[in-house]
Amino acid sequence: MMDQLSIGVIYVEDDEDVRIGAVQALKLAGFEVLAFSSAEQADASIRVDMPFIVVADVRLGGKSGMEFLSGLRRTDPELPVILVTAHGDISMAVAAMRAGAYDFIEKPCSSEQLVTVVRRAAEKRRLTLEVRALRSELADQRGIEKTLLGRSPQIKKVRRLISTLAAASVDVVIYGETGTGKDVVANCLHNHSERRRGNYVAVNCGGLPESLVESELFGHEVGAFTGAIRQRIGKLEYANGGTLFLDEIESMPLGIQVKLLRALQERMIERVGSNKPIPVDCRIVAASKADLLQMSDKKLFRSDLYYRLGVAFIELPPLRERREDITLLFEHFTLEAARRFKCDAPIADEKLVSRLLSYSWPGNVRELRNVADRFVLGVLNDTMIGSPDFEAIDHSLPRQLETVERAIVEDALRRKKGDINAAATLLCVPKQTFYDKIKRLAIDVEAIRGISGNEAGS
């Protein structure tokens, strides 16, 4: 998760007394303020992506507030600009809003009114800049990072494993809950291996009738059984030189497991209805929701096939255990959906982000993608995140705040490689307070240091 951005205020007012009073009120409200007496002076501080909003008087000694607004819109169209005037009327307010002003305030205005409007504009600016940063990060991704997104230690470990195993061309078993991206990992293993020029063939073992599994995997000859009116090339043969992905392999019938084991050992197959052996050379990537070793102990999966397949293992973490990846993934899926539906990508507000971070995501990344689709289409409502199980989860404010706080603290510690003092400084938190947070949130600093050390050495 990103560090919370602090948004300041550029305040432009040529009346010194008014300027001093407004600056004091804004500073007391916690804002950093840069004050200027003219738009010309303020121009030097204006830049794209600056963590500031602008408050400007309409009537200034030189360039007017409306002219200043026009220039700001050219520099950064999404920069919130609040115009203030003692001479305003309805027509001026309408003109300012049409010109792109965020809001329009008439003098005299109370400190409370000014601070309220500024806070709303600052929150809008913060969300805009965070989304820009996420989109820039997504655009900069390359290779496996572009396919398997995330900043969490768990997903970084998965990417390192993929890099190692892709080059080794060994058979791999991928473990993970439904929706964690097992097919994405299998694709990565294929696309970053020397077999990428061959076919990538995916078979859902749980989606095939038992009577068709053998023909699907090994193929058949004409007349091999009723209805076999033409020769069929099986998935193993079609994947020759490439990769065969066996999803939900735990559901493969035991009789087919015997034949698959023989094919893997001998690297030869026989089509149904034929005695002619056909050599095959394909990499097997199997995926399972269940522990295959435990299943083999219970005689529900052949142990010899388990040991034949189990050269290397990749375990995919559920989304609830990598919450720092949620905002990045959601933005990625939002951009994808906007391109697919040919519309603008909306920006998630603080309420939605909080719900995304606090939800348990039983459907994992697949469910998050669906929520992003609904968000882009404008059909996402309060009951659609996890409905109908959403209400059964602890969504109390303390629980949500604790979830967000833990993600921020862990992210700061990872950024500073486990250095508690440096992380406290990064978050502008007193060291003792930061130590107390680590203890209260039960954060394993040593584990974070170990992961950071491994990354630095890799």
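Above this note sits the structure.
Residues numbered from 1 in each chain as written. Predicted model: local features only at pLDDT ≥ 70, side-chain atom pairs only at ≥ 80, totals over all residues. Heavy atoms only, no water.

Caption draft 1: Quick look at the overall build of the protein chain. Tallying secondary structure elements over the protein chain gives 20 helices and 14 strands in all. Against the 2.2 N^0.38 benchmark of 23 Å for 458 residues, the protein chain shows a C-alpha radius of gyration of 29 Å, more extended than a compact globule. Dimensions along the principal axes, computed over C-alpha positions, put the protein chain at roughly 95 × 50 × 40 Å. Looking at the protein chain residue by residue over its 458 residues, the buried ones come to 47%. Expressed as a percentage of contacts within the protein chain between residues at least 6 apart in sequence, the contacts between residues at least 24 apart total 71%. On the protein chain, the mean spot of the 63 positive side-chain charges and the mean spot of the 65 negative ones are 5 Å from each other. (Helix = DSSP H or I, 4+ residues; strand = E, 2+ residues; numbered from the N terminus. Rg over C-alpha atoms; globule rule 2.2 N^0.38 Å. Buried < 20%, exposed > 50% of the residue type's maximum accessible area, 1.4 Å probe, protein only. Contact = heavy atoms within 4.5 Å. Lys, Arg positive; Asp, Glu negative; His and termini not counted. Charge placed at Lys NZ, Arg CZ, Asp CG, Glu CD.)

Caption draft 2: View of the packing of helix H14 (residues 326-341) against helix H16 (residues 364-377). Axis separation between H14 and H16 bottoms out at 8 Å; the angle between their running directions is 50°. In terms of axis orientation, H14 runs oblique to H16. Seen along the crossing, H14 lies across H16 with a hand that is right-handed. Residues Ile326, Leu329, Phe330, Phe333, Thr334, Glu336, Ala337, Ala338, Arg340 and Phe341 of H14 pack against Val365, Leu368, Arg369, Val371, Ala372, Asp373, Phe375, Val376 and Leu377 of H16. When grouped by side-chain class, the residues that make up the contact of H14 with H16 number 14 nonpolar, one polar and four charged. (Axes fitted to C-alpha atoms, helices over the stretch in contact; angles between N-to-C directions. Parallel < 35°, antiparallel > 145°, perpendicular 65-115°, else oblique. Left-handed = near helix turned anticlockwise from the far one by under 90°. Nonpolar A, V, L, I, M, F, W, Y, C, P; charged D, E, K, R; others polar.)

Caption draft 3: Structural context of the pairing of strand S10 (residues 243-247). S10 sits mainly inside the fold: five of its five residues count as buried. Going residue by residue along S10, you find Thr243, Phe245 and Asp247 tucked away on one face and Leu244 and Leu246 tucked away on the opposite face as well. As judged from the five bridges shared by strand S7 (residues 200-204) and S10, these two strands associate in the parallel manner. Residue pairing across strands places Val201 opposite Leu244, the latter belonging to S10. (Pairing = 2+ DSSP bridges.)

Caption draft 4: Representation of unusual backbone geometry. Omega for the bond connecting Lys107 with Pro108 falls within 30 degrees of zero, at -10°, which places this linkage in the cis form. Position of Pro108 relative to the elements: it lies in the loop between strand S5 (103-106) and helix H5 (111-140). One non-glycine residue, Trp361, adopts positive backbone phi at about 50°. Assessed through its relative accessible area of 0%, Trp361 is described here as buried. Even without glycine at this site, Ala442 takes up a positive phi of about 55°. For Ala442, the position within the fold is in the loop between helix H19 (431-440) and helix H20 (445-457).

Caption draft 5: Layout of the environment of Gly241. Residue placement: Gly241 occurs in the loop between helix H10 (235-238) and S10. Linking Gly241 and Asn199, residues 42 residues apart in sequence, is a C-alpha distance of 7.1 Å.

Caption draft 6: A look at the environment of Gly219. Structurally, Gly219 is set in strand S8 (residues 219-220). Separated by 199 residues in sequence, Gly219 and Gly418 have C-alpha atoms that sit 55 Å apart. Setting aside chain neighbours within four positions, we find Gly219 in contact with Glu214, Arg232, Ile233, Gly234, Arg271 and Val272.

It is worth stressing that arrangement in space is one thing and function is another; only the former is reported here.
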